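A structural walkthrough
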Amino acid sequence: MKKILVTGGAGFLGSYICEELLKRKYEVVAIDMADGEKIAHLMTNKRFTFIQDSVCDTALMKHQMKDIDMVFHLAAIADPLKYVTNPLNVMEVDLLAAINIFKIAAENRIKIIFSSTSEVFGRNKNVPWNEEDDRVLGSTEIYRWCYSTSKSACEHYLFALHKQEKIPFVIYRFFNVYGPKLDDLGHGRVIPIFLKQFLNGEDITVHGDGRQTRTFVYVDDAIDAVIKLAFSKKAENQVFNIGTSREYSMHELAKTMKKIGNFKSKIKFVEHKKVFGKGYEDIPRRVPDVSKLKKYINWQARVSLEKGLKKTIEYYRNRKGI
Ligand SMILES: NC(=O)c1ccc[n+]([C@@H]2O[C@H](COP(=O)([O-])OP(=O)(O)OC[C@H]3O[C@@H](n4cnc5c(N)ncnc54)[C@H](O)[C@@H]3O)[C@@H](O)[C@H]2O)c1
């Protein structure tokens with residue numbers, strides 16, 4: 001039986017990946033600093049082990065990676081507010097710990113599946129972005145770029161590791177995955193933030209003028225792509241966008257959620273600076289070109305935003321809040 005390590009396995013996406021791998025009869029070890037609430041339902045599975053600890057602990061990682069066949073590296077600080085309030089921690093986890101894990105994987109000749117982000121494209125205005133498009137980033141004085149830069153450096157490291165040491169990898173870049181279990185991370189992610197405000201009967205705070213757009217992909221569709229990519233020989237040593245191309249303005253998103261959930265909240269607009277301070281910079285449009293996914297693994301998103309939001313809203317209503 002093959003054994004797979006999932007870092008960040010108690011997080012939103014990691015928890016679904018652990019579940020899918022267990023369904024496919026793999027032995028799974030998850031390492032995460034978070035409590036195991038999102039994976040509580042997996043704890044009785046004899047093929048599952050959860051270690052609540054930090055991926056920054058080199059001795060732990062060396063020990064855990066001695067006898068595994070593949071590593072899905074998802075552990076990261078992925079909260080925009082932290083990019084500006086604790087950039088040091090972001091770079092320690094998202095850059096230094098990640099590179100350390102890649103080195104250990106290389107020593108053990110383990111295939112690496114790496115979670116990157118749409119943020120690597122920065123503020124490139126030419127959407128939709130295909131995988132080879134330019135990264136257009138701001139100054140190093142702007143803290144928000146520390147996340148994008150860390151993930152991009154990891155991507156570079158994996159390409160180099162393959163070129164010079166023949167270590168196989170797959171990189172995928174998520175474009176706003178949402179669904180049940182996606183937490184409100186401070187001021188991080190728009191759907192859970194709006195949802196929390198709706199469920200609490202508060203006003204909805206749309207940042208800026210609300211015309212900035214995002215695309216969204218439902219978690220089941222995203223995980224389907226991740227698993228297919230991880231086990232596809234053809235997809236090895238390449239990078240893929242995972243997302244959808246339908247753009248929603250933040251104002252439109254708030255209105256859609258209001259309608260689907262039959263909520264009563266008012267929609268208001270607040271300046272970005274008031275929320276994130278000076279070190280932040282918003283990106284007006286982020287749209288992936290996902291034709292490579294279609295070509296390599298015949299993937300396409302099946303769940304519409306309306307359907308996905310309905311499932312997400314139901315989940316949080318049943319849980320009585322976020
Ligand atoms: N959800 C998205 O739309 C999205 C978009 C782009 C990229 N990503 C990437 O996908 C991955 C998973 O994201 P997610 O949405 O599941 O977020 P998440 O915050 O739910 O998951 C990240 C997990 O990493 C864990 N973690 C952080 N620091 C750690 C440390 N030092 N040691 C061990 N665990 C640590 C956290 O506890 C958390 O459970 C991340 O790498 C993120 O950058 C996600």
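Look a little higher up for the structure.
Residues numbered from 1 in each chain as written. Predicted model: local features only at pLDDT ≥ 70, side-chain atom pairs only at ≥ 80, totals over all residues.

Surveying the vicinity of the ligand reveals 24 residues, the closest of which are G8, G11, F12, L13 and A76. Residue assignment for the shell around the ligand shows that the elements contributing at least two residues are α1 (12–23), β2 (27–32) and β5 (111–117). Counted by class, the shell around the ligand contains 16 nonpolar, seven polar and one charged residues. (Near = placed C-beta within 6 Å. Helix = DSSP H or I, 4+ residues; strand = E, 2+ residues; numbered from the N terminus. Nonpolar A, V, L, I, M, F, W, Y, C, P; charged D, E, K, R; others polar.)

On to the packing of α1 against helix α7 (residues 219–230). Orientation of α1 relative to α7, taken along the N-to-C sense of each, is 60°, at an axis distance of 10 Å. By the criterion of interaxial angle, the relationship of α1 to α7 is oblique. The hand of the α1/α7 crossing is right-handed. For the pair formed by α1 and α7, the contact residues are Y16, I17 and E20 on the first element and V219, I223, V226 and I227 on the second. Its residues assigned to classes, the contact of α1 with α7 comprises six nonpolar, no polar and one charged. (Axes fitted to C-alpha atoms, helices over the stretch in contact; angles between N-to-C directions. Parallel < 35°, antiparallel > 145°, perpendicular 65-115°, else oblique. Left-handed = near helix turned anticlockwise from the far one by under 90°. Contact = placed C-beta atoms within 7 Å.)

Under the 1.5 Å per step criterion, the end-to-end length of helix α5 (residues 145–165) is 29 Å for 21 residues, consistent within 8% with the ideal 30 Å. Buried residues of α5: W145, C146, Y147, S148, T149, S150, K151, S152, C154, L158 and L161, and no others. The inward-facing, buried residues of α5 contact α3 (80–85), α4 (87–107), β5 and β6 (169–174). Two residues or fewer past α5, K166 is found with a positive phi of approximately 60°. (Expected span 1.5 Å × (residues − 1). Buried ≥ 20, exposed ≤ 12 C-beta atoms within 10 Å, placed from the backbone.)

With that out of the way, let us pick up the sheet that holds β5. If you trace the seven strands from one edge of the open sheet to the other, you get β3-β2-β1-β4-β5-β6-β11, paired in parallel fashion. Two strands lie at the open edges of the sheet, namely β3 (48–52) and β11 (238–242), each paired on one side alone. Within this sheet the neighbouring strands show an average axis-to-axis angle of 15°, counted without direction. The sheet contact formed by β5 and β6 spans six bridges and is parallel. Counterpart to I113 in the pairing with β6 is V170. Against the sheet, α5 engages β5, β6 and β11, with an angle of about 155° to β5. (Pairing = 2+ DSSP bridges.)

Geometric values such as these leave the question of function open.
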